[in-house]
Amino acid sequence: MKTPIPFYLEEILDKVRYSDGGAVADYIPELADANPSYLAAAMCTTTGNVYSAGDKEERFTIQSISKPFVYALALQELGLDAVREIVGMEPSGEAFNELSLNAEDHRPVNPMINAGAIAVTQLINGVDSTVDERVERIRSYMSRLAGRELGMDERVCGSELEHSDRNLSLAHMLRNYGIIKDEAPDAVTTYIRQCSLLVDVRDLAVMSATLANGGHQPVTGEKILDTDVCRLTLSVMSSAGMYDGAGRWMAEVGIPAKSGVAGGLLGTLPGQLGIATFSPRLNKEGNSVRGVEAFKLVSRDMGLHLMSTEERYGIAPIRDIHEEEDTYVFRLQGQINFNAAETILYELADQDFDNEAVVLDMSGVTGSNRMGRRMLKEGLRRLRESGHDIGVVDPDNRMTDLKMSDGTEVPVHDMEDYEIAGEEI
Ligand code: GLN
């Protein structure tokens, strides 16, 4: 059996594909040539399972999505007090390239707007660092987050450097107030090179899952950031990551997120998931139009809103797996939400049963959401398609509606049928 999650992602992409609003960024001429029809999505769980759909091989420049990660690196290298001296953590409600500093202490209000990001970049690798060394430090760190060596788009970088008056004016302001020490052109070059790193949607999902996972890269297993650093970074992302759309984003999507002008969008669910989309057309706030749509759907369908009062943190969803004569019984427990269902499906897809019956015993399940039930049913349907007899033990009607996506019903078994030797289920 193959896990259905990539198909869900395809489904989400199909639902937002029609949306042709917005426009590709053109203030950086090289970005104006981007193919506006590209569309991709990916997810990475904190257990390191990566799923993707659409134009997932397509690479694009990371742009502002680099900001939370470089902020995290600065926190990791210098600690919060030092970083706080040069940048605040309040939402600005302003555009990403707003020419503004805090009126009292002249610090940029947060690290997600350009003024803050340029200031933070200057902290990396020590005050005496050359531009090249600083950029290399950032590139190699971001590569560890992605789990592969990241390259740079020299054309986009050159094009942005030629049109960087606005960022230069921010750097001059920062230098005027002693927030940065480098010459303004050097500071802007470092920042723009950081923005020109090339990623694909899977890279973003994995990088995001590293934040979700308290700094442990879930695929390579490397510990890259402290848990406190991740918590701080995600907090700032949740209040300022979507610029002047941040409040509405929190209400409608409820996932800490960061967007980039090349069309990338990344969301992080602490302890659970990294999600990313790529679609180059942007709305007036500079966020990907189809990316925002996809995130709204994902959040609603999968019950991922951070402020949702649904119980989320459960116990391991598979209590045990028994082989009973010619039947595999998966005893499930706790809350069956997206994450729990993902773990179960991953296990089901991994098992090598030869034509036996597979039964999901839900008697230990305390609750479920729509996405969890939908995924389990889809998993059962796929098992049946590959020749297995399937069924559930469901004394408390946790499945509620037993109809599968092909219209047929999941057969229900009696508990007694699957009593394990000497043990009550
Ligand atoms: N490099 C871009 C800039 O500084 C990044 C902006 C963004 O992605 N929002 O203008």
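Residues numbered from 1 in each chain as written. Predicted model: local features only at pLDDT ≥ 70, side-chain atom pairs only at ≥ 80, totals over all residues. Heavy atoms only, no water.

1. Comments concerning the overall build of the protein chain
Item 1. Scanning the protein chain from terminus to terminus reveals 14 helices and twelve strands.
Item 2. Against the compact-globule benchmark of 22 Å for 425 residues, the protein chain has a radius of gyration of 24 Å, which places it among compact chains.
Item 3. In terms of overall dimensions, the protein chain has C-alpha extents of about 80 × 40 × 35 Å along its principal axes.
Item 4. The buried share of the protein chain, taken over its 425 residues, is 57%.
Item 5. Taking the contacts inside the protein chain whose residues are at least 6 apart along the sequence as the reference set, 68% of them involve residues at least 24 apart.
Item 6. As presented, the protein chain carries roughly 17,100 Å² of accessible surface, and 45% of it is formed by carbon and sulfur atoms.
Item 7. Positive and negative side-chain charges in the protein chain, numbering 40 and 69 respectively, have mean positions lying 5 Å apart. (Helix = DSSP H or I, 4+ residues; strand = E, 2+ residues; numbered from the N terminus. Rg over C-alpha atoms; globule rule 2.2 N^0.38 Å. Buried < 20%, exposed > 50% of the residue type's maximum accessible area, 1.4 Å probe, protein only. Contact = heavy atoms within 4.5 Å. Areas by Shrake-Rupley, 256 points an atom, 1.4 Å probe, with all protein chains shown as cover. Lys, Arg positive; Asp, Glu negative; His and termini not counted. Charge placed at Lys NZ, Arg CZ, Asp CG, Glu CD.)

2. With respect to the packing of aromatic side chains
Item 1. By the definition in use, this model includes three aromatic pairs.
Item 2. On the basis of an interplanar angle of 35 degrees and a centroid distance of 6.0 Å, the ring pair of Tyr 38 and Phe 278 is categorised as tilted. Placement of the pair is Tyr 38 in the loop between α1 (5-17) and β1 (40-45) and Phe 278 in strand β7 (residues 273-278), with a sequence separation of 240 residues.
Item 3. Using a relative accessible area of 23% as the deciding quantity, one classes Tyr 38 as partly exposed.
Item 4. Plain terms: the ring middles of Phe 60 and Phe 278 are 3.9 Å apart, the flat faces sit at 10 degrees to each other, and that makes the pair stacked. (Phe/Tyr/Trp six-rings, centres within 6.5 Å; stacked < 30°, edge-to-face > 60°.)

3. Topic: the pattern of salt bridges
Item 1. In the structure shown here, the tally under the stated rule is 24 salt bridges.
Item 2. In this structure, Arg 155 and Glu 30 form a salt bridge, with 2.9 Å as the shortest nitrogen-oxygen distance. In this pair, Arg 155 sits in helix α6 (residues 154-162) while Glu 30 sits in the loop between α1 and β1, placing the two residues 125 residues apart along the sequence.
Item 3. Residue Arg 155 is classed as exposed on the basis of its relative accessible area of 58%.
Item 4. As a salt-bridge pair, Asp 228 and Arg 231 come within 3.4 Å of each other at their nearest N and O atoms. Pair noted here: Asp 228 and Arg 231 are both in helix α10 (residues 227-240), with a separation of three residues, about one helical turn.
Item 5. Classification of Asp 228 by relative accessible area gives partly exposed; the value is 46%.
Item 6. Through salt bridges that share partners, Glu 378, Arg 381, Arg 382 and Glu 385 make up one connected network. (Salt bridge = Lys/Arg side-chain N within 4 Å of Asp/Glu carboxyl O.)

4. Here's the deal with the nonpolar core
Side chains that are nonpolar tend, in soluble globular proteins, to be buried together.
Item 1. Residues Phe 69, Tyr 141, Met 142, Leu 204, Met 207 and Leu 225 are the most contacted members of the largest nonpolar core, which totals 77 residues.
Item 2. Discounting chain neighbours no more than four positions away, the residues touching Tyr 141 are Phe 69, Ala 72, Leu 73, Ile 224 and Leu 225.
Item 3. Met 43, Tyr 328, Ile 344 and Phe 353 belong to the second largest nonpolar core, which has 55 residues in total. (Core = buried A, V, L, I, M, F, W, Y, C linked by side-chain atoms within 4.5 Å.)

5. Considering helix α9 (residues 201-212)
Item 1. For α9, which comprises twelve residues, the first-to-last C-alpha distance of 16 Å matches the rise-based estimate of 16 Å (1.5 Å per residue) to within 8%.
Item 2. The element α9 is extensively covered by neighbouring structure, given that eleven of its twelve residues are classed as buried.
Item 3. Directly beyond the C-terminal end of α9, a positive phi value near 65 degrees is found at Gly 214. (Expected span 1.5 Å × (residues − 1).)

6. Topic: the sheet that holds strand β9 (residues 327-336)
Item 1. If you trace the five strands from one edge of the open sheet to the other, you get β8-β9-β10-β11-β12, paired in mixed fashion. Each having just a single partner strand, β8 (318-324) and β12 (412-413) make up the two edges of the open sheet.
Item 2. In the sheet, β9 pairs with strand β10 (residues 357-368) via nine bridges, with the strands oriented parallel. Each bridged residue has a counterpart across the sheet, and for Tyr 328 the counterpart in β10 is Val 358. (Pairing = 2+ DSSP bridges.)

7. Observations regarding a negative patch on the surface
Item 1. Taken together, the side chains of Glu 323, Asp 350, Asp 352 and Asp 354 make up a negatively charged region of the molecular surface.
Item 2. Mapped onto the fold, Asp 352 is located in the loop between α13 (338-350) and β10. (Patch = residues over 30% accessible without salt bridge, like charges linked within 9 Å, V, L, I, M, F, W, Y side chains within 5 Å.)

8. Description of the pairing of β10
Item 1. As paired elements, β10 and strand β11 (residues 390-393) share four bridges and run parallel to each other. Across the sheet, Leu 360 pairs through a bridge with Val 392, a residue of β11.
Item 2. What joins β10 to β11 is helix α14 (residues 370-385), and the crossover it makes is right-handed. (Right-handed = clockwise from strand over helix to strand, strands pointing away.)

9. Comments concerning the confidence of the model for the protein chain
Item 1. Counting all residues, the mean pLDDT for the protein chain is 90, and 96% of those residues have values of 70 or more.
Item 2. Confidence drops under a pLDDT of 50 for residues 420-425, and excluding neighbours within four residues, the segment shows 14 contacts in the predicted structure. (pLDDT = per-residue confidence, 0-100.)

10. Comments concerning the pairing of β1
Item 1. Burial analysis of β1 places six of its six residues in the buried class, the great majority of the element.
Item 2. Residue alternation in β1 divides its side chains into two sets, Ala 40, Ala 42 and Cys 44 and Ala 41, Met 43 and Thr 45, and both sets are buried.
Item 3. The pairing of β1 with strand β2 (residues 50-54) spans five bridges and is antiparallel. By the bridge assignment for β2, Ala 40 is matched with Gly 54.
Item 4. Hairpin connection from β1 to β2: four residues lie between these consecutive antiparallel strands, with Gly 48 at a positive phi of about 90 degrees.
Item 5. Taken together, the six bridges between β1 and β7 define a ladder with antiparallel strand orientation. By the bridge assignment, Ala 41 is partnered in β7 with Thr 277.

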